[in-house]
Amino acid sequence: MSSSLAVDRHPETRPPEQRTRRQVSTLPLVAPSVIALLLWMIVPLAMTIGFSFQRYNLLNPDAREFIGLGNFTFILSDPGFWISIGITIILVVSVLVITIGLGTLLAILFDQEFPGQGIARVLAISPFFVMPTVSALIWKNMLMHPVNGLIAQITRGLGLGAIDWFANLPLLAIIIIVSWEWLPFALLILLTAIQSLDHEQIEAARMDGAKPIALFRFVMLPHLSRAIAVVAMIETIFFLTIFAEIFVTTGGGPGLATTNLAYYIFLKALLEFDVGGASAGGLIAVILANIVAIFLMRSVARNLDT
Amino acid sequence: MARKNSRQWLWAVLGWLVAILLFFPIFWMFLTSFKTEVAAVATPPQLFFRPTLENYVAIQDRANYFNYALNSIAVSLGSTFLALLLAIPAAYAMAFFPTKRTKGTLMWMLSTKMLPSVGVLVPVYILCREAGLLDSRIGLIIIYTLINLPIVVWMIYSFFKEVPKEILEADRMDGASTQQELRHVLLPLALPGIASTALLSIILAWNEAFWSLNLTTFDAAPLTAFIASFSSPQGLFWAKLSAASTLAIAPILIFGWLSQRQLVRGLTFGAVK
C-alpha cells in the first residue's frame, strides 16, 4: 500500500520531465481522508449486515435473536418493498429525463445574448439553493394546495376545477417539486459546457447550411455528452435517497403511492422500530445502489482521461 | 440588423419568462411573508397589499428560531472546515503526485456517496446514541464532513489539476522548499477554487435534510428541522411559515447568487474544459 501511494523512488526510470518532482510521501496526505471514509463505510455497513440477520425490535429489545435470512424473506415477500423500488425507479428516471432534457433546452436559451441575461440566469438557478424542506412546503401549501393554492385558484378561475395534487397525483407532485429543485443544477452545468463550445465551429456549420436540428444533433450533443454524464451521476446520487420532499408533503402516502426505498426503510426503522427489517431493506438498497454506481462510475471514468 | 434585433428580443422574452417561472415560487413565498395570515389565503390571491412585519416579529418571539439558525451556521461551517482540512492534503497529493492508484481512489471515494443514507440509518443512529452524539452539533458535523468529503476532495482535486505545472516547476528550480511552494505559489492560485468548494460544501450542509431530521430533536436541530416542524398545521400559518422560510434560505440564497460562477467550475468535475 505505502509503496504504491508514495512517489516512485527510482530516478533512472523516471521520464525526464519529472526530474524536478519532489520526493513527497503522499501516504500521510491521502490516508486521513481514506481512513475516515473507510470507517464511515465499513462500520455502519458491518452493523447493518449484523442486524439484518437478527430479530431486533427496539420496542422489545430483549427478544433479540439470530433468525438467519428471516428478515430478507419477510422484506422480499412484502409487496410494499417492491412497490417502493418501483417508485424509486420512476422517481429517479423521470426527474433525470426532465432535468436533463429541459436543462439542455434552457442552456441553449441562456447561451443566447439578450438584455438582462445575467440577472435572468441568477433567478433561474435560484431553486437549487433552497433547502428541500422549504421548497416542499412552498409547493405543498402555497402552490399545490387544493383550496387556497395558487395553481388551484388559477385553474378554477379558468373554469377547469382544481386538482388535489397530493391526493390524486401524489407521485407527479413529488416529481414536479424535485425537478424544480434540480433543473437549475442541470442548467448551470450544461450552460457552462455549451459556453465552452467553439462558436466558430457552429458558425462554420451554419454557413455550410446545417439546419438547427442537425447542428444540435451533430455538433452540440456530442460536445455535451460528458457534461450530461456528470449531471446524471451527481443527480442520481441524490435522487436515490430523496427523503425530505416526501417527509414534508405526503409522508409516503396516500397508501404507499409515494413511498420510495428510502422512505420505506425509514418507516420500518423509525416508525415500526423494526431494526432487523430496516437493516435488511437498507442492505438491499446498498446493493441496488452499487449496481447503479458501477454503471455510472464507468461512464464517468471514461470521461476522466484528460 | 433588424432581423438580429428581433431575434434577440425573442430570446429575451423567452429567457425572462423561464427565469420568472422558475423563480416564482421563491418570490411568492417572499411576498406571502409580508402578508397577514388572512391575506395569505385570500381568494383571489393578492399581488398588492399593505405589507406587514408581524410575521417576522412572531417568528422572533419564538425565541428558539435563533437557536436553529445558530445550529445551521455552526454545523455548515464546522463540517466544511473539517472536510477542507482532510481534503486539501489528499487532493494535493493526488493532483501533483499521481500514482496508478489515484484514479481508483478518487472513484472509490465518490462511490461512498452512492451508499444510501437509509441503508446505514439504524447503525448510525445507534452509534450516535451510544456515543452521546444524538441531537448534538458535533455528531452532525462529523456526519456532514463525511458525506461531503468525497465531493470536496473531487472539486479541490480538479482545481489543483488546473494549476499550470510549469509555474510550480519553475519555482522548484529556483530552490523553493515544499512549504514555500505551497504557501506562496499553490495556495494563492488555488484559493478561488478552495473558496468555491467551501461555498458548495456550506450549501450542501445547510440544506441537508435526512440526517438532520433523523438525528436531531431540539438542541442541535438546524433550520431544516425547524421548517419541517411547520409541515403539520396545514394552511394555518402560511404567512409565518413564509417568513421563517425566507429567513432560513436568505443567507444561503445570497451565498449562491454571489458564488454561482465559481461554483459551476468545480461542479463540472473537470468534464468541461
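Residues numbered from 1 in each chain as written. Chains lettered and ligands numbered in written order. Predicted model: local features only at pLDDT ≥ 70, side-chain atom pairs only at ≥ 80, totals over all residues. Heavy atoms only, no water.

In the annotation of an unreviewed UniProt entry, the entry for chain A reads Sugar ABC transporter permease, and the organism field reads Leptolyngbya sp. NK1-12. In its Sequence similarities (unreviewed entry) section, the UniProt entry covering chain A states "Belongs to the binding-protein-dependent transport system permease family." Checking UniProt for chain A, the heading Subcellular location (unreviewed entry) contains the comment "Cell membrane". (UniProt positions renumbered as here; feature names shortened; annotations may be inferred.)

Colleague: Describe the overall build of chain B, naming the residues involved and giving the relevant values.
Modeller: Across its full length, chain B holds twelve helices and zero strands. Listing every helix and strand of chain B by position from the N terminus yields α-α-α-α-α-α-α-α-α-α-α-α. On C-alpha atoms alone, chain B measures out to a radius of gyration of 23 Å, which is more than a quarter above the 19 Å that the 2.2 N^0.38 rule sets for 273 residues. Over its C-alpha atoms, taken along the principal directions, chain B stretches across nearly 70 × 70 × 30 Å. Put simply, chain B has 273 residues, and 56% of those count as buried. On chain B, roughly 12000 Å² of surface is accessible, and the fraction owed to carbon and sulfur atoms is 68%. Between the averaged position of the 20 positive side-chain charges in chain B and that of its 13 negative side-chain charges there is a distance of 11 Å. (Helix = DSSP H or I, 4+ residues; strand = E, 2+ residues; numbered from the N terminus. Rg over C-alpha atoms; globule rule 2.2 N^0.38 Å. Buried < 20%, exposed > 50% of the residue type's maximum accessible area, 1.4 Å probe, protein only. Areas by Shrake-Rupley, 256 points an atom, 1.4 Å probe, with all protein chains shown as cover. Lys, Arg positive; Asp, Glu negative; His and termini not counted. Charge placed at Lys NZ, Arg CZ, Asp CG, Glu CD.)

Colleague: Lay out helix H6 (residues 121–130) of chain B with the relevant residues and their values.
Modeller: If you check which residues of H6 of chain B are buried, you get Leu121, Val122, Pro123, Val124, Ile126 and Cys128 of chain B. Remark: Gly132 of chain B follows H6 of chain B within two positions and exhibits a positive phi of approximately 70°.

Colleague: Talk me through the UniProt feature "transmembrane region" (unreviewed entry) in chain A; I want residue IDs and the actual numbers.
Modeller: Feature annotation in UniProt assigns "transmembrane region" (unreviewed entry) to the following positions: residues 29–53, 81–110, 122–139, 171–194, 215–240 and 278–297 of chain A. When the span residues 215–240 of chain A is considered, its composition is 96% helix and 0% strand, and the gap between its end C-alpha atoms is 34 Å.

Colleague: Before we move on, can you summarise helix H2 (residues 27–52) of chain A with the specific residues and values?
Modeller: In a regular helix each residue adds 1.5 Å, so 26 residues correspond to 38 Å; H2 of chain A covers 35 Å between its end C-alpha atoms and thus fits that length. Those residues of H2 of chain A that fall on the buried side of the exposure criterion are Val30, Ser33, Val34, Ala36, Leu37, Trp40, Met41, Pro44, Thr48, Phe51 and Ser52 of chain A. (Expected span 1.5 Å × (residues − 1).)

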